[in-house]
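Here is what each chain is made of, one letter per residue.
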Amino acid sequence: MQYGFHFDALRCTGCEDCVEACCAQHGIPRSLSFRSVESYEGGAWEESEDGATTTMLFTYFLSLSCNECSAPLCVAVCPTGALRKDARTGLVSLDESVCSGCGNCVEECPYGALKINPDDGRAMKCDACNGSVSSAVPGVGPLVVPSCVEACSEHALEFGDIVRLRALYGSVASVPPLPPVEVAHPNLVLTMAPAMLDSLRWEGGREGLFERRL
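Here the structure is a predicted model, which means the values were calculated and not measured. (Residues numbered from 1 in each chain as written. Predicted model: local features only at pLDDT ≥ 70, side-chain atom pairs only at ≥ 80, totals over all residues. Heavy atoms only, no water.)

**Some thoughts on the environment of A113**
Examined against the element boundaries, A113 turns out to sit in the loop between α3 (104-108) and β6 (114-116). Taking the C-alpha atoms as reference points, A113 and F34, separated by 79 residues in sequence, lie 6.4 Å from one another. Residue contacts for A113: discarding those within four places in its chain leaves S65, C66, M124, K125 and C126. (Helix = DSSP H or I, 4+ residues; strand = E, 2+ residues; numbered from the N terminus. Contact = heavy atoms within 4.5 Å.)

Structural data, given as structure tokens:
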């Protein structure tokens, strides 16, 4: 079994209820939230020889958290074994008691999913609200629906077996400015908004034409 997330950009309004739910669930401030909602915009105006102006402008929301990657870079660079990928669920878990606070995982994660707790200097990350990964194992305990998923009134987020999610929604897992899927093989499925398709059509989109607006 491999669990992952589906994000529907057609439904997301950028309300950040998912962020608020994450903070409430884990008792953390927004600066340490395990989920973030960000808007991305880019494009340009072009003027033709006859003076006519055309545009290719786009903006869209992305709701991001730990993507339970199949090749998690955070696990690969952890010197103490505090991070591991559970073979039964595919969830990437963190044992904070073993964490040395080196910050390697924070620097290496291409999705910004890990943070350093300023209180104790150790890493912290999303656990899909399942605490011990054993609670998500079929036959051992029920899968807990993450609080961010439950809080989304527009049903833009879904969590479950990634095979089922891909069968339902396809296999797209990267849009600018996210890295190519080959970097870490995220267990993420994206339902594309038209603006995302525009960004993919825009030549050079990955070379700095995008602005991040918090």
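**Considerations on the packing of aromatic side chains**
One pass over the full model with this rule turns up two aromatic pairs. Ring plane angle 20 degrees and centroid distance 5.7 Å describe the contact between Y3 and F159, whose orientation is recorded as stacked. One end of the pair, Y3, is in strand β1 (residues 3-8); the other, F159, is in strand β8 (residues 157-161), with 156 residues separating them in the sequence. In this structure, Y3 and F159 share a single accessibility class: buried. (Phe/Tyr/Trp six-rings, centres within 6.5 Å; stacked < 30°, edge-to-face > 60°. Buried < 20%, exposed > 50% of the residue type's maximum accessible area, 1.4 Å probe, protein only.)

**Description of the sheet that holds strand β9 (residues 188-191)**
As summarised here, the arrangement of the three strands in space is β8-β1-β9, forming an open sheet in which the pairing is mixed. Two strands close off the open sheet at either side, each with one partner strand: β8 and β9. Mean inter-strand twist for the sheet, computed between neighbouring axes without regard to direction, equals 20 degrees. Here β1 runs beside β8; their pairing, made up of five bridges, is antiparallel. For H6, the partnering residue across the bridge sits in β8 and is E158. (Pairing = 2+ DSSP bridges. Axes fitted to C-alpha atoms, helices over the stretch in contact; angles between N-to-C directions.)

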